[in-house]
Amino acid sequence: MTWIAAVHGVLPPNRYPQADLTTLAARSFLPEGADRRLLERLHAGAKVDQRHLVLPLEEYAKLDGFGAANDVFVTAAVDLGVEAVAGALEQAGLSPRTSI
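What counts and how
- Residues numbered from 1 in each chain as written.
- Predicted model: local features only at pLDDT ≥ 70, side-chain atom pairs only at ≥ 80, totals over all residues.
- Heavy atoms only, no water.
- Helix = DSSP H or I, 4+ residues; strand = E, 2+ residues; numbered from the N terminus.
- Buried < 20%, exposed > 50% of the residue type's maximum accessible area, 1.4 Å probe, protein only.
- Contact = heavy atoms within 4.5 Å.
- Areas by Shrake-Rupley, 256 points an atom, 1.4 Å probe, with all protein chains shown as cover.
- Pairing = 2+ DSSP bridges.
- Expected span 1.5 Å × (residues − 1).

Visitor: In this structure, what is going on with the overall build of the protein chain? I would like to understand it.
Guide: Counting secondary structure elements, the protein chain contains 3 helices and 2 strands. The helix and strand sequence of the protein chain, counted from the amino end, reads β-α-α-β-α. Seen through its principal axes, the protein chain has C-alpha atoms that stretch 60 × 30 × 20 Å. Considering the protein chain as a whole, with its 100 residues, one finds that 20% of them fall into the buried category. Summarising the internal contacts of the protein chain: among those between residues at least 6 apart in sequence, 69% fall at separations of at least 24. About 8000 Å² of surface is accessible on the protein chain, with carbon and sulfur atoms providing 59% of the total.

The following block contains the structure:
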């Protein structure tokens, strides 16, 4: 029988208020002078106060599109996964091992 011995949560290190991300999204995706009320309603409707990002907020503007941002996320997700598994193993009093 399989069972869960421990869980260890991890988050990316850069934490920002949702309002900062709404401002970034408006600047990045809306035409200059566009009404951003719909975007603000959409973000407010998510009921999220803070978000954790892989990179500092200002670094996202330097990335060349969605593909580059996704590549950064995938790399960081693997690192976060390693951290989560290692933390769960430690909490459970277990150590990693490989089997062939």
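We are not done yet, so read on.
Visitor: Would you explain the pairing of strand E1 (residues 14-17) in this entry?
Guide: Regular strands place their side chains on alternate faces of the sheet. The alternating pattern of E1 places Asn14 and Tyr16 on a buried face and Arg15 and Pro17 on a face that is not buried. Where E1 meets strand E2 (residues 50-53), 4 bridges bridge the pair, whose relative direction is antiparallel. When the sheet's bridge partners are listed, tyrosine 16 is paired in E2 with arginine 51.

Visitor: Help me understand helix H3 (residues 65-92) in this model?
Guide: Along an α-helix, a turn takes 3.6 residues, which lines up residues three or four apart on a common side. Between its first and last C-alpha atoms H3 spans 40 Å; for 28 residues at 1.5 Å apiece the expected length is 40 Å, and the two agree. Along H3, the residues that are buried comprise Ala76, Leu80, Ala84, Gly87 and Ala88. One or two positions beyond H3, positive phi appears at glycine 93, with a value near 75°.

Visitor: Looking at this structure, how should I read unusual backbone geometry?
Guide: Both trends apply: most residues other than glycine have a negative phi, and most peptide bonds are in trans. Not every positive phi belongs to a glycine, and lysine 47 is a case in point at roughly 60°. Structurally, the position occupied by lysine 47 is in the loop between helix H2 (37-45) and E2.

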